[in-house]
Amino acid sequence: MNTQSNTYTFVYAAIMVVVVAALLSLAATSLKPLQDKNVEVEKKQSILSSVGIGLDAAEQKNKNTYIEQLYKKHIIKTYIVNSKGEKIKGEAFKVDMKKEMAKPLEKRKLPVFVGQQSDGSKNLILPMRGKGLWGPIWGYVSLQEDYNTIVGANFDHKSETPGLGAEINTERFEQQFVGKQLFDSNNNFVSVSVVKGQDTRNMVHAVDGISGGTITSNGVDAMLEESLGSYVTHFKELQKQ
Amino acid sequence: MSDREPLFSPKNLRLLTNPLGKDNPITVQVLGICSALAVTVKLKPSVVMALSVVVVMVTANLVVSLLRKTVPSRIRIIVQLVIIASLVILVDQVLKAFVYDISKQLSVFVGLIITNCIIMGRLEAFALANKPWPSLLDGLGNGAGYGFILIVVGFLRELFGSGTIWDYQVIPDSWYVMNGGFYENNGMMILPPMALITVGIIIWIQRSRNKDLVDIS
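What you see is a predicted model, and the numbers here were worked out from it, not measured in a lab.

Details of the packing of aromatic side chains
All names here are of chain A.
For step 1, the next point in the chain: Tallied over the entire structure, the rule returns 13 aromatic pairs over all chains.
For step 2, the next point in the chain: Ring plane angle 70 degrees and centroid distance 5.8 Å describe the contact between Y71 and F93, whose orientation is recorded as edge-to-face. Taken together, the residues span a long stretch of sequence, with Y71 in helix α2 (residues 63-74) and F93 in the loop between β2 (87-88) and α3 (97-102) at a distance of 22 residues.
For step 3, the next point in the chain: Accessibility expressed as a relative area gives 12% for Y71, which makes it buried.
For step 4, the next point in the chain: Classification of F93 by relative accessible area gives buried; the value is 15%.

Printed below as a string of structure tokens:
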């Protein structure tokens, strides 16, 4: 057969495209349930790890069921508030922070997760979402019952550079947030800043940024302020109680 | 095929070993440099990237070699590209479904395999003109040659840039200036220029040991 003719070339290209398309869509649809499950479990794991639970999940034989069980046991309540602190109906776990953060402050649905430690103390877990250098970054911060002091934080990213911006999801970076405070002594919201080249160990409102990851560090800084800032009214109401 | 040559004839073995040394895709052919600079900040992503490239390269070489007599020469580049791209997407999907944690680590780099000039170069230069078995070996050899350099560079950069190997701390904490010691991680190592310099040093060492590689023209 003449493999150089126009007809052959066209037919060849057409068949190739159909075969490849069929193959890829087959793979995508058949693997979708597994991938979705992974994403859901990952979200639950992030929520739990911001309060220091389920950190040993990687060593478990069946990670997915392990996380599901812990989530059921330790997350005792979830609800949604708006920026004025009023509760809204809906399921907090399903709120898409990407869509919410794109809305103006007054229209945002803000999910809140209440976690309970084994010793009975309760933590408020709040989702955050912002922009890194190459793509979105997100995470969870958990607060003590004074609604001011951070118990733990957990960050993740879509496509930050490994070794540089991607270091935000390392324990070394996340651990810095423990004990930092969101409100100053006059009870004004000041957030926690990510700063460069200073010894932040004794600072209450700052953590050390990542060398080589300045833009991602700035993104984390902005994300904390923007996301947690939306909850300020709710925090103040809770503090009064 | 009366005079069938054995599977691992000296000629075939050379296909496998040459790319590791005197025909290395990175240090001698200077291909695939961009991804070598981007992913080698730490050892772990370097290793996973090396493995993924080997898988994609072997399969792409094999598929193209099987199809070589049917591919219309005018659209052969597009055909190669489609094959590589589909394989990469497939690898990505499978990683996401079964080893989600690793796939997250690799993030953008899996996609970047598509643009790796070594794969395209080997398809064009070798697989289109050779039988499937030698093509498979050629893919394996070149993938391994690429991966080897990646792992060496990743090792050096992680050690001197972050003081860790495979995320385990190897430089004692007490050595650091921060804790009253004398040592400080070299921040330059985690930036891409230092990867280029590291690759340059590897090329230098290789050429000083093997004079055949020195270009005297």
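Resuming the write-up.
Considerations on the packing of helix α1 (residues 6-49) of chain A against α2 of chain A
All names here are of chain A.
For step 1, the next point in the chain: For the pair α1 and α2, the least separation of the axes is 9 Å and the interaxial angle reads 45 degrees. Taken together, the axis directions place α1 and α2 in an arrangement best described as oblique. In this structure, the crossing between α1 and α2 has a hand that is left-handed. Residues K37, N38, E40, V41, K44, Q45, I47 and L48 of α1 touch α2, and the partners they reach there are K63, N64, I67, E68, L70, Y71 and H74.
For step 2, the next point in the chain: Along the lines of polarity and charge, the residues of the contact of α1 with α2 split into six nonpolar, four polar and five charged.

With respect to the pairing of strand β4 (residues 122-131) of chain A
Residue and element names in this part refer to chain A.
For step 1, the next point in the chain: Most of β4 sits inside the fold, with eight of its 10 residues counted as buried.
For step 2, the next point in the chain: Here strand β3 (residues 110-116) runs beside β4; their pairing, made up of four bridges, is antiparallel. Paired with F113 across the strands is I125, a residue of β4.
For step 3, the next point in the chain: Linking two consecutive strands that pair antiparallel, namely β3 and β4, is a turn of five residues; a positive phi of about 95 degrees is found at G120 within it.

Describing the interface of chain B and chain A
For step 1, the next point in the chain: The interface is formed by 33 residues belonging to chain B together with 31 residues belonging to chain A.
For step 2, the next point in the chain: For the pair chain B and chain A, the two sides together bury roughly 2600 Å², of which 62% comes from carbon and sulfur.
For step 3, the next point in the chain: On the surface where chain B and chain A come into contact, there are one salt bridge.
For step 4, the next point in the chain: A salt bridge links K42 of chain B to E167 of chain A; the nearest nitrogen and oxygen atoms lie 3.1 Å apart.
For step 5, the next point in the chain: For the side of chain B that touches chain A, the elements supplying multiple residues, two or more each, are α3 (43-67), α4 (76-98), α5 (100-106) and α6 (108-112) of chain B.
For step 6, the next point in the chain: Element by element, the count of residues in the side of chain B that touches chain A is highest for α4 of chain B, at 10 residues.
For step 7, the next point in the chain: By residue class, the composition of the side of chain B that touches chain A is 19 nonpolar, eight polar and six charged.

Conventions we followed
Counting restarts for each chain: residues are numbered from 1 in the order of the written sequence. As they are written, the chains are lettered A onward and the ligands numbered 1 onward, keeping that order. A pLDDT threshold of at least 70 governs which residues receive local features in this predicted model, and a stricter bar of 80 or more applies before side-chain atom pairs are shown or counted, although totals over entire chains, interfaces and linings include all residues. Computation of side-chain values: all heavy atoms of the structure, hydrogens and water removed. Centre distance within 6.5 Å is the pairing criterion for rings of Phe, Tyr and Trp, where only the six-membered ring of Trp is used; planes under 30 degrees apart are then read as stacked, over 60 as edge-to-face, and the remainder as tilted. What counts as a helix is a DSSP run of H or I of at least four residues, what counts as a strand is a run of E of at least two, and both are numbered from the N terminus. When accessible area is computed with a 1.4 Å probe and restricted to protein chains, residues below 20% of their type maximum are described as buried, those above 50% as exposed, and intermediate ones as partly exposed. Angular values range over 0 to 180 degrees, each being the angle between N-to-C directions of two axes fitted as lines to C-alpha atoms, with helices fitted over their stretch in contact. Should an angle fall under 35 degrees it is taken as roughly parallel, and over 145 as roughly antiparallel, whereas 65 to 115 is taken as roughly perpendicular and any remaining angle as oblique. Take the far helix as the reference: if the near one is turned anticlockwise from it by less than a right angle, the crossing is left-handed, and if turned clockwise, right-handed. Residues count as neighbours in contact if any of their non-hydrogen atoms are within 4.5 Å of one another. Under the scheme applied here, ten amino acids are nonpolar (Ala, Val, Leu, Ile, Met, Phe, Trp, Tyr, Cys and Pro), four are charged (Asp, Glu, Lys and Arg), and all others, including Gly, are polar. By definition, two strands form a pair when at least two bridges between them are found by DSSP. Summed over both partners, the accessible surface that disappears when two parts come together, traced with a 1.4 Å probe, is what is meant by buried area. The working definition used for a salt bridge is a side-chain nitrogen of Lys or Arg within 4 Å of a carboxyl oxygen of Asp or Glu.

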